[in-house]
There are 2 protein chains.
Amino acid sequence: MMLKTHACGTLTKADVGQTVTLNGWVQRRRDLGGVLFIDLRDRTGIIQIVFNPDFSGDALAIADRARNEYVLAVKGKVVERDAATVNDNLATGEIEVRVTEIEIMNAAKTPPFPIEDEVEVDESIRLKYRYLDLRRPEMQKTLMLRSKAAKVFRDFLDGEGFIDVETPILTKSTPEGARDYLVPSRVHPGEFFALPQSPQIFKQLLMVSGLERYYQIARCFRDEDLRADRQPEFTQVDIETSFLSQDQLLDLMEQLVVRLFRETNNVEIARPFQRITYADAMNKYGSDKPDLRFGLEMEDITDIVKDSEVKVFASVAAGGGVVKALNAKGCASWSRKELDDLQPFAARYGGKGLAWVTVKEGEWRGPIVKFFKPEEIAALTEKLGVEEGDLLLFSADKKKVVADVLGNLRLKIGKDLGLINESEFKFAWVVDFPLLGWDEEAKRYVAEHHPFTRPNEEDLALFDTDPGQIRAQAYDLVLNGYEVGGGSMRIYKRDVQEQMFKALGFSMEEAHEKFGFLLDAFDYGTPPHGGIAFGFDRLVMLMTGRTNLRETIAFPKTASATDLLTDAPSEVDLSQLQQLHIRTMPKPGKQPEPAGAASSANN
Amino acid sequence: MMLKTHACGTLTKADVGQTVTLNGWVQRRRDLGGVLFIDLRDRTGIIQIVFNPDFSGDALAIADRARNEYVLAVKGKVVERDAATVNDNLATGEIEVRVTEIEIMNAAKTPPFPIEDEVEVDESIRLKYRYLDLRRPEMQKTLMLRSKAAKVFRDFLDGEGFIDVETPILTKSTPEGARDYLVPSRVHPGEFFALPQSPQIFKQLLMVSGLERYYQIARCFRDEDLRADRQPEFTQVDIETSFLSQDQLLDLMEQLVVRLFRETNNVEIARPFQRITYADAMNKYGSDKPDLRFGLEMEDITDIVKDSEVKVFASVAAGGGVVKALNAKGCASWSRKELDDLQPFAARYGGKGLAWVTVKEGEWRGPIVKFFKPEEIAALTEKLGVEEGDLLLFSADKKKVVADVLGNLRLKIGKDLGLINESEFKFAWVVDFPLLGWDEEAKRYVAEHHPFTRPNEEDLALFDTDPGQIRAQAYDLVLNGYEVGGGSMRIYKRDVQEQMFKALGFSMEEAHEKFGFLLDAFDYGTPPHGGIAFGFDRLVMLMTGRTNLRETIAFPKTASATDLLTDAPSEVDLSQLQQLHIRTMPKPGKQPEPAGAASSANN
């Protein structure tokens, strides 16, 4: 077997004169008057190899049998190309290898799609033939960047004294949160393991264990309905520390992120990152993960229009809602169709409508303008900085709806107007999240983050008066409008934990039923601790400029949680189910089958 | 909150005079005439902190409330101890911290066992309170070494161009091998994912993808009956390469192991590692994972005794069995009881008995000596190097039984006689494993490694004549009698794969049913490739001198696959099972329950 001495894409003019052995795949072949040119590809790139009767001997005839994606081993001499044949599109375009020996290591059928970037193939075909899809240079680059990013995370955390601890995948079903994947136990009939939604409980236990600094690049599982940026199994960089304040932790994490982008993307991120409270983020951007690469902040004008003749403004204000406005600079020229399209856009986010005003030739125009009093126009002009050419957009509704409508409108306008620098990485911390949210259905508070999130020290008194106002020591890291990380300081004092459970509406006894061993653990000397988890898949997606998580995962699943390559999930032998003490249920609408045939009921 | 400026165990005389803030746990406290001494522990070690009315003020009264495992924050000055009070047992024994401020960060109940090494506690208690067990210094050291070992693996592999790729945990049930853990699908009723027994198929697909060098520290799952060195989920360092020969790969892996032991254990391992064929290992040591820290090789004496008057020797030899002997040097003095105990020992490994001879005062003694002819004694004396004081041990049986009996006897004697240097790490490669084994029950050949293992080139012709004799390009790395790694070169040529499947007794059509997508992938230009997987848990076990895998895993499971800490597996809500389209089956011996009550049938 002729094994490589060099890699295709790494040869340069400095290698001219050397005899090299290369292994790789046939990217393409051209026969020019009896001289055969093959582009040979390996993971480092492509080089042209030449077979000529003058120097290749028998190798020419053998090479002539090679087709695209054949695996070749060739030996030959690196030579400089004639100036006329230099290929500037190829990193190795100044040289070629004159082959004297060849071995066809393996043949290949014609692949279902060409192995090159920018190829238009249905994603389901790419996923079915993932092993070929991954041969495409951009997929290889993505996997390499992902590997590099993981390495930088580890190098940084290792250097800071974090200990990489593996926590169980076969664990216990958790009482809160998303749906668990379950694993039936063979040894314990009727019992199940659950795959972890995150190592949350274990990382807190490791803090109780006195490990002080823990990390893990951890696989997590959520049996949720999927969308483009969700996968049933996903990877998070999971971090927990003891004896650090929130500020100390965020500072350390900023250093981590800066190093990550420097070493994998060659991009310098400025520190410190902007910090914005949850309240400000919602007020200004209508989102807890604002894209801060551009301004276009929304303004609360409720006070200005609360007695307005614009009935919807006045009635919303009277009903406890808010009226907010966006000033889309220079958009007065939008067509009537563009303005009409705003209504369905607003409706998509739950809005009942969207009022607009254009400012043209010094004049406010639009259906609602006639209802504005002069002093309202004056106040709005000042508040919104209105100038010639502006388009004012108004939403009046419940706070949440206005935030959704104008927040999404802001993103759309930002994109449409080209306000976004696509090559910028704009990080910010969103802090001071609410500790509790009111669940209308259950008529009780629920934990916004999780029941162990530490309240802000100065808000503790609100447990007795207005729990909904308590801010948490919880934080998200946002990047260009995506949440790429999040975490919190944890409750470590028993009295605070009791107040928290009380606010959530359950007693310590009920809490013990839900969180038994964790609460037990907290009794034995728990240090102040807190942590964060980075969404690794999403970070890699943003680092590689992708918009689809599946592009960042070697073997992803589809939106219906299927692996098109291996055809998982699949039916299994009845005997396997019997060993696990379970049976499948007949599909809805089918007659129940006798127990023994339960498995075949699912054909 | 008073957060640490220094770590307890890292303070030295160089810090004398500094004011430091420490956070840690109370290891123990002593009150000597109104002066309170507390040993404060964090993950770096222990330091003595002192509370004295002269300099501690209010802090003394607060400290007086602290009990073992309370979490303290203290501020104070580092001072040198009086010569008389220096504690040589403590790394920080020359200094102490005079406390001026204290905060009790948290209280602690009295732990169920003391937080110190060498403590005698039932393992089930340790596992239930794992968060306290992990506070013990030796457990913390183990977790830190494990983290470090993973880092060294990664650093080496990253440096050699290996790409860390995560492969799916939710994957497809495999047709061969151990029992799978299954995961029912909510979206696809009646279908199941399986947890991977190894990333074998994916790593080979990544080679088809042209990634060339892959690694992953991968979680793997086998639903097997457990023992001390097995866990239902375990970790392997999984490696695959293209375009390397077996020798090149083993050489690279030796470099990896040398660096691993140098950087984590501070031990220098000599290279190259010994290579021993499977045949030699079985013949000399009766094991394919020989402990090579000592000799005591067994000798085949079948030829010498095949016509012996010792009837069992002659009849075994005539029946195609073997007769082998161990010479236990200097063991002629064994008592009659020790010699008698050899019989049940042999029986445990399937042997019908064990013959022995002692050599005392120049004379052979023992029940069988009278049947030996003088020329047999002469031949045995030469073959076994018999001298005064020797104990000769004979086993006559089928080859496999003799190997088991004498192999295990060799280990026992090696241990008993102190022939083993316990601090030595003795690596070897076992190579040339048989490709196929004969399955007596199924009356067919089965793959010894797996169906994609590449045969030795020079043995290919044996497919037509004697497949059982084919040697594989498969190798195990053994360390001190444990298999710590194993792998093979893979078949990449279609014609060889077809021969292999034929030898295993199934057609390409049947093979396609079993391995469909992998065989499809092999058609598109598969490079020559091969790999290895290291058993990470077992390696860490040996590196830390443990004998129990559970000591190397943060949150292990018991021999009955239970997590005593979280109480997993456990029952789940019926609604969860309904969403997954499964129901549990009544326990054997119970009446079937109506479908709706299936879950409660398992109380």
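Residues numbered from 1 in each chain as written. Chains lettered and ligands numbered in written order. Predicted model: local features only at pLDDT ≥ 70, side-chain atom pairs only at ≥ 80, totals over all residues. Heavy atoms only, no water.

As annotated in an unreviewed UniProt entry, chain A is Aspartate--tRNA ligase from Paenibacillus phyllosphaerae. As its UniProt record puts it under Sequence similarities (unreviewed entry), chain A is described as follows: "Belongs to the class-II aminoacyl-tRNA synthetase family. Type 1 subfamily." In the Subcellular location (unreviewed entry) part of its UniProt record, chain A is described as follows: "Cytoplasm". (UniProt positions renumbered as here; feature names shortened; annotations may be inferred.)

A. Fine view of the overall build of chain A. When its secondary structure is counted, chain A shows 18 helices and 23 strands. Taking the principal axes of its C-alpha atoms as reference, chain A extends roughly 90 × 75 × 60 Å. The proportion of buried residues among the 603 residues of chain A is 58%. Taking the contacts inside chain A whose residues are at least 6 apart along the sequence as the reference set, 66% of them involve residues at least 24 apart. A gap of 3 Å separates the mean positions of the 76 positive and 95 negative side-chain charges of chain A. (Helix = DSSP H or I, 4+ residues; strand = E, 2+ residues; numbered from the N terminus. Buried < 20%, exposed > 50% of the residue type's maximum accessible area, 1.4 Å probe, protein only. Contact = heavy atoms within 4.5 Å. Lys, Arg positive; Asp, Glu negative; His and termini not counted. Charge placed at Lys NZ, Arg CZ, Asp CG, Glu CD.)

B. Fine view of helix α6 (residues 200-208) of chain A. A large share of α6(A) lies buried, amounting to eight of its nine residues. For α6(A), the full list of buried residues reads A:Gln200, A:Phe202, A:Lys203, A:Gln204, A:Leu205, A:Leu206, A:Met207 and A:Val208. On its buried face, α6(A) is in contact with β9 (213-221), β10 (233-242), α16 (508-522) and β22 (529-535) of chain A together with β1 (19-32) and α4 (130-133) of chain B. Where α6(A) terminates, the next one or two residues include A:Gly210, which has phi positive at roughly 80 degrees.

C. Representation of the environment of B:Glu551 within the structure. Residue and element names in this part refer to chain B. Tracing the backbone through its elements, the reader meets Glu551 in the loop between α17 (536-543) and α18 (574-579). As a C-alpha pair, Glu551 and Phe156 span 395 residues in sequence and 26 Å in three-dimensional space. Ignoring sequence-local partners within four residues, the contact set of Glu551 consists of Arg126, Arg130, Met139, Thr142 and Arg546.

D. Expanded view of the sheet that holds strand β4 (residues 71-80) of chain A. All names here are of chain A. Spatially, β1-β2-β3-β5-β4 is the arrangement adopted by the five strands of the closed barrel, whose pairing is mixed. Mean inter-strand twist for the sheet, computed between neighbouring axes without regard to direction, equals 55 degrees. Two elements, strand β1 (residues 19-32) and β4, share seven bridges in a ladder whose sense is antiparallel. By the bridge assignment, Asn23 is partnered in β4 with Ala73. (Pairing = 2+ DSSP bridges. Axes fitted to C-alpha atoms, helices over the stretch in contact; angles between N-to-C directions.)

E. Region of the structure containing the UniProt feature "binding site: ATP" (unreviewed entry) in chain A. Residue and element names in this part refer to chain A. Per the UniProt record, "binding site: ATP" (unreviewed entry) is found at Arg222, Asp223, Glu224, Gln231, Glu483, Gly535, Phe536, Asp537 and Arg538. When only the residues just named are considered, the largest cavity is lined by Phe536. Among the secondary structure elements, Gln231 is positioned in the loop between β9 and β10. Tracing the chain through its elements places Gly535 in strand β22. When neighbours within four sequence positions are excluded, Gly535 is seen to be in contact with Thr235 and Val484. (1 Å grid on protein atoms, 1.4 Å probe; cavity = no way out; pocket = protein on both sides within 12 Å on 5 of 7 lines; lining within 4 Å.)

F. Quick look at the interface of chain B and chain A. Each side of the interface is counted separately: chain B has 127 residues, and chain A has 128 residues. Summing both sides of the interface, chain B and chain A together bury roughly 11,200 Å²; the carbon and sulfur share of this comes to 59%. Note that A:Glu212 and B:Lys4 form a salt bridge whose closest N and O atoms lie 2.4 Å from each other. For the pair chain B and chain A, the interface holds 64 residue pairs in polar contact (both at pLDDT 80 or more). Ranked by residues supplied to the side of chain B that touches chain A, first place goes to helix α5 (residues 137-159) of chain B with ten residues. Looking at side-chain class alone, the side of chain B that touches chain A contains 61 nonpolar, 30 polar and 36 charged residues. With three bridges joining them, strand β23 (residues 582-584) of chain A and strand β23 (residues 582-584) of chain B adopt antiparallel strand pairing. From the neighbouring strand, A:Ile582 faces β23(B), where its bridge partner is B:Thr584. (Buried area = accessible area lost by both parts, 1.4 Å probe. Salt bridge = Lys/Arg side-chain N within 4 Å of Asp/Glu carboxyl O. Polar contact = N/O pair within 3.5 Å; in protein donor to acceptor, adjacent residues only side chain to side chain. Nonpolar A, V, L, I, M, F, W, Y, C, P; charged D, E, K, R; others polar.)

G. Geometry of the packing of aromatic side chains. Residue and element names in this part refer to chain A. Under the counting rule described, the total for this entry stands at 46 aromatic pairs over all chains. On the basis of an interplanar angle of 85 degrees and a centroid distance of 5.2 Å, the ring pair of Phe261 and Phe427 is categorised as edge-to-face. Here Phe261, found in helix α7 (residues 246-265), pairs with Phe427, found in strand β17 (residues 427-431); they are 166 residues apart in sequence, far enough to count as distant. The same class applies to Phe261 and to Phe427, which are both buried. (Phe/Tyr/Trp six-rings, centres within 6.5 Å; stacked < 30°, edge-to-face > 60°.)

H. Focus on empty space enclosed by the protein. Tallying each qualifying case throughout the model produces seven cavities of 30 Å³ or more. A:Arg154, A:Ile217, A:Arg219, B:Arg154 and B:Ile217 are the residues nearest the centre of the largest cavity, which is lined by 34 residues in total. Contributions of two or more residues to the lining of the largest cavity are made by α5 (137-159) and β9 of chain A together with α5 and β9 (213-221) of chain B. For the lining of the largest cavity, the residue count by class is 16 nonpolar, eight polar and ten charged. (Points joined across faces, edges and corners; volume = space filled by probe spheres on them.)

I. View of the relation of the copies chain B and chain A. Superposing chain B onto chain A takes a rotation of 180 degrees plus a shift of 0.0 Å along the axis, which leaves an RMSD of 0.1 Å. Taken together, the rotation and translation describe the operation of a two-fold axis. Most of the interface of chain B is mirrored in chain A: 100% of its interface residues are interface residues there too. (Least-squares fit on C-alpha atoms with pLDDT ≥ 70 in both.)

J. Here's a closer look at helix α16 (residues 508-522) of chain B. Residues and elements named next belong to chain B. End to end, α16 covers just 13 Å across 15 residues, shorter than the expected 21 Å (1.5 Å per residue, more than 12% under). The sharpest bend along α16 comes to roughly 105 degrees, located at Phe515. Looking at α16, one finds that the buried residues are Met508, Ala511, Phe515, Gly516, Phe517, Leu518, Leu519, Ala521 and Phe522. (Expected span 1.5 Å × (residues − 1). Bend = angle between axes of the 7 residues up to and from the residue.)

K. Geometry of the sheet that holds strand β16 (residues 391-397) of chain B. All names here are of chain B. Read across the open sheet, the five strands follow the order β12-β13-β16-β14-β15; overall the sheet is antiparallel. Each end of this open sheet is capped by a strand with a single partner; those strands are β12 (299-300) and β15 (363-365). As defined by bridge partners, β12 adjoins strand β13 (residues 322-328) across two bridges and the pair is classed as antiparallel. Looking across to β13, one finds that Asp300 is bridged to Lys324.

L. Structural detail: the packing of α5(B) against α17(B). Residue and element names in this part refer to chain B. Axis separation between α5 and α17 bottoms out at 10 Å; the angle between their running directions is 120 degrees. Between α5 and α17, the crossing angle belongs to the class labelled oblique. Here α5 and α17 pass one another in a crossing that is right-handed. Contact with α5, carried on its side by Thr142, Leu145, Arg146, Ala149, Ala150 and Phe153, involves Phe536, Asp537, Leu539, Val540 and Met543 of α17 and no other residues of that element. Classifying every residue of the contact of α5 with α17 gives eight nonpolar, one polar and two charged. (Parallel < 35°, antiparallel > 145°, perpendicular 65-115°, else oblique. Left-handed = near helix turned anticlockwise from the far one by under 90°.)

M. Structural context of the pairing of β22(A). All names here are of chain A. Of all the seven residues making up β22, six are buried; the element is thus mostly covered by neighbouring parts of the structure. Sheet topology note: the strand β21 (residues 482-489)/β22 ladder contains five bridges and is antiparallel. The residue bridging Ser488 from the neighbouring strand is Gly531, located in β22.

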